[in-house]
Amino acid sequence: GGIFGNGYTNNLTNNEINASTGSYIEVDFYYGGGIVGFIGESNGNSMIQNNIVKNIEIRTSTRGYVSGGAVYTGSFIGGISGIAHYGIQFIGNTIENVVLTHAVDPTHVLQENLENTVGYIAGITSNNSSKVVEVVFKDNVIIGSTRNLLPGADVALNQGLVGIER
């Protein structure tokens with residue numbers, strides 16, 4: 001992420017990324033966001049609140065690898081977080097003039113249908129079925145931002161706030 005790599009059950013409040021022209025965050029593989037790459041696994045009291053991400057591009061290319069016969073997924077990017085696990089509340093965050101780009105890099109495509117999702121707030125949310133506390137979105141603002149996706153990419157959920165939900 002732009003500030004933190006990951007955070008478990010933490011509160012992230014009042015952080016701001018206001019980048020210079022041409023600035024970007026390059027996500028090489030898995031999770032990346034304007035504030036944090038990975039956040040979550042909380043009992044519901046973790047808040048991602050009043051953060052601002054402005055004037056930056058967050059980008060990734062299709063990636064994936066095979067290990068022991070298993071194919072691992074591509075990249076998940078979001079304006080605030082790459083992934084949001086259960087129990088996180090996103091409240092009053094602002095994404096302004098942010099470009100979220102998922103670009104094809106044919107040298108790294110190992111298998112069709114690798115997941116690569118883009119969301120204004122989170123690239124992916126994971127609401128663990130054994131947990132009752134889901135990810136919550138409230139009063140977040142998206143201004144002048146765009147999502148550049150692969151042709152045929154997953155349709156984003158919640159008006160583009162989330163790339164994909166599990």
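One can find the structure itself at the top, above this paragraph.
Below: a short report on this structure. (Residues numbered from 1 in each chain as written. Predicted model: local features only at pLDDT ≥ 70, side-chain atom pairs only at ≥ 80, totals over all residues. Heavy atoms only, no water.)

## A word on unusual backbone geometry
Next up, step 1: Positive phi, close to 55 degrees, is recorded for N50, a residue that is not glycine.
Next up, step 2: Within the fold, N50 resides in the loop between β7 (46-49) and β8 (52-54).
Next up, step 3: Under the relative-accessibility criterion, N50 is labelled partly exposed at 37%.
Next up, step 4: The backbone of N97 shows a phi angle near 50 degrees, a positive value even though the residue is not glycine.
Next up, step 5: Of the residues examined, N97 reaches a relative accessible area of 37% and is grouped as partly exposed. (Helix = DSSP H or I, 4+ residues; strand = E, 2+ residues; numbered from the N terminus. Buried < 20%, exposed > 50% of the residue type's maximum accessible area, 1.4 Å probe, protein only.)

## Quick notes on the sheet that holds strand β12 (residues 76-78)
Next up, step 1: Read from one edge of the open sheet, 3 strands run β5-β12-β17, paired in parallel fashion. Looking at the sheet topology across the chains shown, the edges are occupied by β5 (31-33) and β17 (117-119). Adjacent strand axes in the sheet meet at a mean angle of 10 degrees, parallel and antiparallel pairs treated alike. (Pairing = 2+ DSSP bridges. Axes fitted to C-alpha atoms, helices over the stretch in contact; angles between N-to-C directions.)

## A short note on the pairing of β7
Next up, step 1: Alternating residues of β7 divide into S46 and I48, all buried, and M47 and Q49, none buried.
Next up, step 2: Examined bridge by bridge, strand β2 (residues 12-13) and β7 share 2 bridges and lie parallel to one another. Of the residues in β7, the one forming a bridge with T13 is Q49.
Next up, step 3: As paired elements, β7 and strand β14 (residues 88-91) share 4 bridges and run parallel to each other. Bridge pairing in β14 places S46 opposite I88.

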